[in-house]
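Fold and geometry: a report
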Amino acid sequence: ALSDKRSVQNRSPTCKIKKTLNILYVLFTMCILCILFSGVSIRLAGSGATQCSGRVEIYYNNIWGTVYGDGWDLNEAEVVCRQLNCGTAIQAPLSSYRSPGAYQIWLYNLACSGSESSLTQCHYTGWGMYNNNNNYYNYYYYYDAGVICSDLIRLTGSGSTRCSGRVEVYHNNSWGTVCDDGWDLNDAAVVCRQLNCGSALEVPQSAQFGAGTGQICLDNVGCSGNESSLIECNGSGFGTYSCGNHHDADVICSGKKAFRLAGSGLTRCSGRVEIYYNNIWGTVCDDYWDLKDAQVVCRQINCGTALEAPRSALFGAGTGQIWLDNVGCSGNESSLIECKYNQFGTNNCGHQQDAGVICSGTGQIWLDNVTCSGGESSPTECQHSGFGTNNCGHGQDAGVICSGEKITYYQVVCRQLNCGSALGVPRSAHFGAGTGQIWLDHVTCSGSEGSLTQCQHGGFGTNNCVHNQDAGVICSDLIRLVGSGSTRCSGRVEIFHNNSWGTVCDDNWDLNDAQVVCRELNCGTALGAPPFAQFGAGTGQIWLDNVTCSGNENSLTECQAKDERKLQSVPIRLTGSGLTRCSGRVEVFYNNIWGTVCDNGWDVNDAQVVCRQLNCGTALQALPSAYFGAGTGQIWFSYMTCSGNENSLTECQHSGFGTNNCGHQQDAGVFCSGVRKTLDHPQNVKNGNYSYFIASSYISLGKSFCL
């Protein structure tokens, strides 16, 4: 009987309608997902646009819309050029006009790696959030993204870059290679000019970037070097050739943006980093500047390995333009412009933050198989295989450790300045020659003194030096090793925060974590990671716990950890112009003061944590640029990095309380849903009507589902 009853219910008109609505809802959701994550139509438009250059527009929902240019660079442009089969991206310009036919901004805050086949495969903040009709962000139309593609030519292949690789041309709807018969620098110069890649440096032979496949389009190319396009040169004609792909032609161009090292105390492989762009030399800001960034510069200028990444205008402050800020390299790039960074010329720095590099250097290996008796006064007096005769690489460069001047002298300086441990002892006015009086000479310290004046010395003002012998020091800054029985490279780990030194708890502490500390202190390889306060128990604050490093980080602060500085959740609130309970400017209460959050790195994941903490449902938008008005007073957080699963903002990674380089015009805001699901108006509740709140609008789906 029960079975019959269920059978009758399943055949009832009400349940059939409910099942139909369920199916329609699923199909509707699938369609939305398909539209959002599949390729969409794309075109290049605007005044002076061609098939392969112009303002980027996307066709979606029967409307052509633009792409907002925030963060737009050659990586994103490369994807557009690939999607349109237009070769390589040459420029990623931003338009300064509004399209009368485009009322919608479809994509915002795009971030592409450059290898995607469609813009919709890149990361972006939102889809279609900003519309000219609802007066949200009208001014963003003045920053529409554009591209200039190479059109009929590109560089590709194994190990290729934007300005080096195997030459391919587009003909008869397919890409083909060029034979290297007669291929020379004149031919390469035309390719480099066509791709806006500076001068031709080299014409590698025998398919150095790998052999292509398919059609060989050109052979016996003969250019004078003055042509504007490869197809203007003499040759055998399209499709006429007498070679195989193992003879594909390659080029290596200089690239449009040149680099140099400058400043006080510079050498060929150390100095202030400067970039030549738009016919102007400019500097690089040191925000997030580290060894990985320096490694790219050292590689680019053929100066070996990065030893240091000096900040704070170590080689003197530059003048004029600051071209790059917030540089983020993996360390494997062949050029600094392949790294992530703000748009050229976009920064919030002064020249007192100019970045520098100190590279190991490269060059001639003069001596090999050196054999000395020990009595010689110079290595050149020893037996050797002859000047310049060797079978070595720079990975075998010889080194020496002398008893020489003890680092204890410099340890006192770092302690006196509250700057951790001494890492390096640069001499010969490494940081530039001073002027005026030389006060101390022949300084001898035990290392335990509290001040340099407590050490033995030759007497104030007594010296036989000149200023090109001025001493310098490089300290570890925020980390040190101390305790009973400690040395410069062994001891209790302490870090400096909030004007005080504190310890690190040994929960899960292992050799990987110790390796990072040894690297940070320039102390070689980690031999042990002793627990249980072997060097004595510290006092005061414990700053970090549950540190987990891979061992490859450059600083302990880059590792995962439970940060004792932010264990307690701090109160937060939403305020500002136009706020509601679940939308407004984000403020946090710390040290008895309400302060704001800077929008550097602010995204929907961060907003999600705020919405969860305030019990306000789901984050719909993460609003930058003081959307709800600029706050006043303290800015507590910057560079928030949340996964979106945290229960409180203080559980996310951030720059540290009060550490930022922002102004209140960058105050972050959120727009939360309030609740994930709501019933319709009370008069419809009896009928079971159900609504979802999606992207600032209600979508009514009619009757509820069968439950």
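About the criteria used
- Residues numbered from 1 in each chain as written.
- Predicted model: local features only at pLDDT ≥ 70, side-chain atom pairs only at ≥ 80, totals over all residues.
- Heavy atoms only, no water.
- Helix = DSSP H or I, 4+ residues; strand = E, 2+ residues; numbered from the N terminus.
- Buried < 20%, exposed > 50% of the residue type's maximum accessible area, 1.4 Å probe, protein only.
- Contact = heavy atoms within 4.5 Å.
- Areas by Shrake-Rupley, 256 points an atom, 1.4 Å probe, with all protein chains shown as cover.
- 1 Å grid on protein atoms, 1.4 Å probe; cavity = no way out; pocket = protein on both sides within 12 Å on 5 of 7 lines; lining within 4 Å.
- Points joined across faces, edges and corners; volume = space filled by probe spheres on them.
- Nonpolar A, V, L, I, M, F, W, Y, C, P; charged D, E, K, R; others polar.
- Salt bridge = Lys/Arg side-chain N within 4 Å of Asp/Glu carboxyl O.
- Disulfide = S-S within 2.5 Å.
- Polar contact = N/O pair within 3.5 Å; in protein donor to acceptor, adjacent residues only side chain to side chain.
- Core = buried A, V, L, I, M, F, W, Y, C linked by side-chain atoms within 4.5 Å.
- Pairing = 2+ DSSP bridges.
- Phe/Tyr/Trp six-rings, centres within 6.5 Å; stacked < 30°, edge-to-face > 60°.
- Patch = residues over 30% accessible without salt bridge, like charges linked within 9 Å, V, L, I, M, F, W, Y side chains within 5 Å.
- pLDDT = per-residue confidence, 0-100.

Moving on to the overall build of the protein chain. Along the backbone of the protein chain there are nine helices and 35 strands. The buried share of the protein chain, taken over its 707 residues, is 45%. Within the protein chain, counting contacts between residues at least 6 apart in sequence, those at least 24 apart form 65% of the total. As presented, the protein chain carries roughly 35,200 Å² of accessible surface, and 51% of it is formed by carbon and sulfur atoms.

Turning to empty space enclosed by the protein, a few remarks are in order. Tallied over the full model, the rule gives one cavity of 30 Å³ or more. A volume near 40 Å³ is recorded for the largest cavity. Of the residues that constitute the lining of the largest cavity, the class distribution is five nonpolar, two polar and no charged.

Turning our eyes to something else, we now look at the pattern of salt bridges. Inspection of every chain in the model, using the stated rule, returns 10 salt bridges. Taking the shortest distance from any N to any O, the salt bridge between Arg 43 and Glu 57 comes out at 2.7 Å. One end of the pair, Arg 43, is in strand E1 (residues 41–50); the other, Glu 57, is in strand E2 (residues 53–60), with 14 residues separating them in the sequence. What makes Glu 57 buried here is its relative accessible area of 1%. A salt bridge links Arg 260 to Glu 274; its shortest N-O distance comes to 2.7 Å. Of this pair, Arg 260 sits in strand E14 (residues 258–267) while Glu 274 sits in strand E15 (residues 270–277), and the two are 14 residues apart along the sequence. You can call Arg 260 partly exposed: its relative accessible area is 35%. Connected via shared salt-bridge partners are Arg 43, Arg 55 and Glu 57.

Positionally, Thr 346 belongs in the loop between strand E18 (322–324) and strand E19 (356–359). Measuring from C-alpha to C-alpha, the distance between Thr 346 and Trp 323 comes to 7.1 Å, with 23 residues separating the pair along the chain. Excluding residues within four positions of it along the chain, Thr 346 makes contact with Trp 323 and Asp 325.

Under the criterion given, the structure shown has 15 disulfides. One disulfide bridge connects Cys 223 with Cys 233, the sulfur atoms lying 2.0 Å from each other. The sign of the 105° torsion about the S-S bond sets the Cys 223-Cys 233 disulfide as right-handed. One end of the pair, Cys 223, is in the loop between strand E12 (216–218) and strand E13 (250–253); the other, Cys 233, is in the loop between E12 and E13, and 10 residues separate them in sequence.

Residues lying three or four places apart along an α-helix face the same way, a consequence of the helix completing one turn every 3.6 residues. Buried within helix H3 (residues 74–83) we find Glu 76, Ala 77, Glu 78, Val 79, Val 80 and Cys 81. Residues of H3 that are buried in the fold lie against E1, E2, strand E4 (89–91) and strand E7 (146–149). Of the residues that open H3, the one with a side-chain oxygen 3.0 Å from the backbone nitrogen of Asn 75 is Asp 73.

Counting 27 residues, the largest nonpolar core has Val 597, Trp 602, Val 610 and Leu 649 as its most contacted members. At the level of secondary structure, the elements contributing two or more residues to this core comprise strand E27 (572–580), strand E28 (583–590), helix H8 (604–613), strand E30 (619–623), strand E31 (635–637) and strand E32 (669–672). In terms of residues, this core owes the most to one element, H8, which gives four residues. With sequence-adjacent residues up to four places away left out, Val 597 is seen in contact with Val 586, Val 588, Trp 602, Ile 635, Phe 637, Met 640, Leu 649, Gln 666, Asp 667 and Ala 668. Ranked by size, the runner-up nonpolar core spans 26 residues in total, among them Cys 269, Val 273, Ile 275 and Ala 294.

Our next topic: the side chain of Glu 57. Reaching out from Glu 57, the side chain makes a polar contact with the side chain of Arg 43 at a distance of 2.7 Å. Within the structure, the side chain of Glu 57 is placed 2.7 Å from the side chain of Arg 55, a separation counted as a polar contact.

With that settled, consider the pairing of strand E22 (residues 479–487). Bridge count for E22 against strand E23 (residues 490–497) is five bridges, and the pairing is antiparallel. Looking at the pairing, Leu 481 lines up with Val 493 of E23. Linkage of E22 to E23, two consecutive antiparallel strands, is achieved through a turn of two residues.

Here the distance between the centres and the angle between the planes together describe a pair of aromatic rings. With the rule as written, the count across this model stands at seven aromatic pairs. Between Trp 439 and Phe 460, the aromatic rings sit 6.5 Å apart at their centres with planes inclined by 65°, giving edge-to-face as the arrangement. Here Phe 460 lies in the loop between strand E20 (422–424) and strand E21 (474–475) and Trp 439 lies in the loop between E20 and E21, a separation of 21 residues in the sequence. Across the pair, Phe 460 and Trp 439 agree in class, each one exposed.

On the surface, Leu 152, Ile 231 and Phe 238 cluster together into a nonpolar patch covering about 260 Å² of accessible area. Looking at the secondary structure, you find Leu 152 in the loop between E7 and strand E8 (153–161). Accessibility expressed as a relative area gives 34% for Leu 152, which makes it partly exposed.

Mapped onto the elements, Cys 419 comes out in the loop between helix H6 (408–416) and E20. In the structure, Cys 419 is positioned 60 residues away from Ile 479 in sequence and 7.9 Å away in space, judged by C-alpha atoms.

According to the relative accessible area criterion, Cys 233 is buried, its value standing at 11%. Between the C-alpha atom of Cys 233 and that of Val 190, which follows or precedes it by 43 residues, the distance is 8.9 Å. Once residues within four sequence positions are removed from consideration, Cys 233 is found in contact with Val 190, Val 221, Gly 222, Cys 223 and Glu 227.

Turning our attention to the side chain of Ser 451. You can see Ser 451 is positioned in the loop between E20 and E21. For Ser 451, the contacting residues outside a window of four places in its chain are Val 412 and Gln 416.

For Asn 615, which is not glycine, the phi dihedral falls at a positive 55°. As for its position among the elements, Asn 615 is in the loop between H8 and E30. The exposure class of Asn 615 is exposed, given its relative accessible area of 62%. A positive phi angle, near 55°, is found at Ser 625, a position not held by glycine. The exposure class assigned to Ser 625 is partly exposed, which follows from its relative accessible area of 37%.

Another point: the confidence of the model for the protein chain. For the protein chain, per-residue confidence averages 77 on the pLDDT scale, and 77% of positions sit at 70 or higher. With pLDDT under 50 throughout, residues 1–9 is counted as low confidence; its partners more than four residues away or in other chains account for one contact. Residue range residues 32–39 is modelled with pLDDT below 50. Its contacts to residues more than four positions away, or to other chains, number 11 contacts.

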